[in-house]
Amino acid sequence: MSTATVGSAARSTQESIELAKAASARLENQPAEKIVEWAAAQFGDRFCVTSSFADAVLAHVVSRVVPGVPVIFLDTGLHFAETLRVREIVQRTLPVTVRSIRPRQTVAEQDAEHGPRLYARDPDECCFMRKIEPLERALEDYDAWAAGLRRDESPSRANTPIVSFEQARGKFKVSPLVQWTQADVDAYISRHNVPVNALMRQGYASVGCWPCTRRTPPGSDPRGGRWPMFDKTECGLHTSG
């Protein structure tokens, strides 16, 4: 059996953890493309990308190595129009397969059951229903997913490994851009004319759902504009152990 056909279920948890640690050590200081090559060889068609479409850098990098790669977009029903515009451009211009995953309830149905503006009262619950649960469903078809995390984005991401094994999900998470700086991102966008969310040029350093995203205060970390009314900087997608 080839390596790419050995799914997560065929390994013990400890074997998966050890594989992730060994891969992270071996791939440290390697180019993003080499990290993607490892993931593609390891997981084959059980590998996907996730994107919030603040830009299309991750999708672009991965598609150069794995044309046709699935790109998971969590369509919360609360996105800025600018974000949906990037999705449209990516679908039309990049060799990827965009999969838009929606929550089980529309925003109107959620309002009817839980009351309006849940995001303002219990953002963790809103994020769970509109992001985390849809991601869990989307990842059922895959053994590994690539995320666009970078160590320079915030203190909570400073120690992000290149490859990790999420025991709660039973999935490998690969972060090809984790060693990049904002300057690296900007240079890549310029060199390859990568689509970028228009809000990123209007004072937003990080873009999520419109009710919980503000312009980033000058001098704050890039995620300072996310959930500014709460002691919260992560939606929970990247905290599964």
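Rules used in this analysis
Residues numbered from 1 in each chain as written. Predicted model: local features only at pLDDT ≥ 70, side-chain atom pairs only at ≥ 80, totals over all residues. Heavy atoms only, no water. Pairing = 2+ DSSP bridges. Helix = DSSP H or I, 4+ residues; strand = E, 2+ residues; numbered from the N terminus. Axes fitted to C-alpha atoms, helices over the stretch in contact; angles between N-to-C directions. Contact = heavy atoms within 4.5 Å. Buried < 20%, exposed > 50% of the residue type's maximum accessible area, 1.4 Å probe, protein only. Right-handed = clockwise from strand over helix to strand, strands pointing away. Core = buried A, V, L, I, M, F, W, Y, C linked by side-chain atoms within 4.5 Å.

1. Here's the deal with the sheet that holds strand E4 (residues 144-146)
In step 1: With mixed pairing, the six strands of this open sheet are ordered in space as E3-E2-E1-E4-E6-E5. Because the sheet does not close on itself, it has two edges, and the strands there are strand E3 (96-101) and strand E5 (163-166). Averaged over neighbouring strand pairs, the angle between their axes works out to 30° when direction is ignored.
In step 2: By the bridge criterion, four bridges tie E5 to strand E6 (residues 171-174) in an arrangement that is antiparallel. In the strand pairing of E6, Phe165 is matched with Phe172.
In step 3: Most of the contacts of helix H2 (residues 32-43) go to E6, to which it runs at about 160°, and overall it touches strand E1 (47-50), E4, E5 and E6.

2. Comments concerning the pairing of E6
In step 1: What you see with E6 is no split at all: Lys171 and Lys173 on one side and Phe172 and Val174 on the other are buried throughout.
In step 2: Sheet topology places E4 next to E6; three bridges connect them, and they run parallel. Among the inter-strand pairings, Ala144 is bridged to a residue of E6, identified as Phe172.
In step 3: Count of turn residues in the E5/E6 antiparallel hairpin: four residues, of which Gly170 carries a positive phi of about 70°.

3. Thoughts on the pairing of E3
In step 1: Pairing between strand E2 (residues 69-74) and E3: six bridges, direction parallel. In the strand pairing of E3, Phe73 is matched with Ser100.
In step 2: Regarding topology, helix H4 (residues 81-93) serves as the crossover connection from E2 to the parallel E3, and that connection is right-handed.

4. Details of the nonpolar core
In step 1: The biggest cluster of nonpolar side chains holds 43 residues, and the ones touching the most others in it are Trp38, Phe47 and Val57.
In step 2: If one sorts the elements of this core by residue count, H2 sits on top with six residues.
In step 3: Setting aside residues no more than four positions away along its own chain, Phe47 makes contact with Val36, Ala39, Val62, Val69, Pro70, Tyr142, Ala144, Trp145, Ala146 and Val174.
In step 4: Residues Ile101, Leu135, Trp145 and Leu149 belong to the second largest nonpolar core, which totals eleven residues.

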